[in-house]
Amino acid sequence: MDIGRSGEELAVEYLQRIGFQLLHRNWRYRHWEIDIIATKNDTIHFIEVKTRTSATFGHPEQNITPRKMQNLMNAASEYLYRFPQWNRIQFDALSIILEGRNASYFFIEDIYL
């Protein structure tokens, strides 16, 4: 089982349940990638998904480094260049811990490192 892929599937389901409309998954520009691009309330959200099977070695969101955020912002900048209609943007993180058949979610909105 690929933990990252499973986490992204769960992330899409979770985000749709809480009212997001999915635009893209794994959107790439050069070597940068945005896990999920979605909209809600006239805002475009660039969402980094981190998944782990336990919090033994720290919570998933602790692995979002300043460099990762910079890469996310670089990719988002290119996306907004191609699709300039968005006035409101937001960077978010979705942390998922998979424990057996159960998943716990921690959604962090409007982040900046």
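Up top you'll find the structure we're talking about.
Predicted model, so just to flag it, every value in this text is computed and none were measured. (Residues numbered from 1 in each chain as written. Predicted model: local features only at pLDDT ≥ 70, side-chain atom pairs only at ≥ 80, totals over all residues. Heavy atoms only, no water.)

Let's talk about helix α2 (residues 66–82)
Helix length check: α2 (17 residues) gives 24 Å between terminal C-alpha atoms against 24 Å at 1.5 Å per residue, within 8%. Residues of α2 that are buried: Met69, Leu72, Met73, Ala75, Ala76, Glu78 and Tyr79. Where α2 is buried, its residues meet β1 (21–29), β2 (32–40), β3 (43–52) and β4 (89–99). (Helix = DSSP H or I, 4+ residues; strand = E, 2+ residues; numbered from the N terminus. Expected span 1.5 Å × (residues − 1). Buried < 20%, exposed > 50% of the residue type's maximum accessible area, 1.4 Å probe, protein only. Contact = heavy atoms within 4.5 Å.)

Digging into the pairing of strand β5 (residues 102–108)
Pairing of β4 with β5, which is carried by 7 bridges, proceeds in the antiparallel orientation. Bridge pairing in β5 places leucine 98 opposite alanine 103. Taking the residues between adjacent antiparallel strands as the criterion, β4 and β5 are bridged by 2 residues, where glycine 100 takes a positive phi near 65°. (Pairing = 2+ DSSP bridges.)

Topic: the nonpolar core
Within the largest apolar cluster, 17 residues are counted, with the highest numbers of intra-cluster contacts made by Trp27, Ile34, Ile37, Phe46 and Phe91. Counting only elements with at least two residues in this core, the list comes to β1, β2, β3, α2 and β4. Ranked by the residues each element gives to this core, the list is headed by α2, at 6 residues. Formed by 13 residues, the second largest nonpolar core is a distinct cluster that contains Ile36, Ala38, Ile47 and Ile96. (Core = buried A, V, L, I, M, F, W, Y, C linked by side-chain atoms within 4.5 Å.)

A short note on the pairing of β3
Buried residues dominate β3, accounting for 9 of its 10 residues. Here β2 pairs with β3 via 5 bridges, running antiparallel. Paired with isoleucine 37 across the bridge in β3 is phenylalanine 46. Turn length for the β2-β3 hairpin, with the two strands adjacent in sequence and antiparallel, is 2 residues, and the turn residue asparagine 41 shows positive phi of about 55°.

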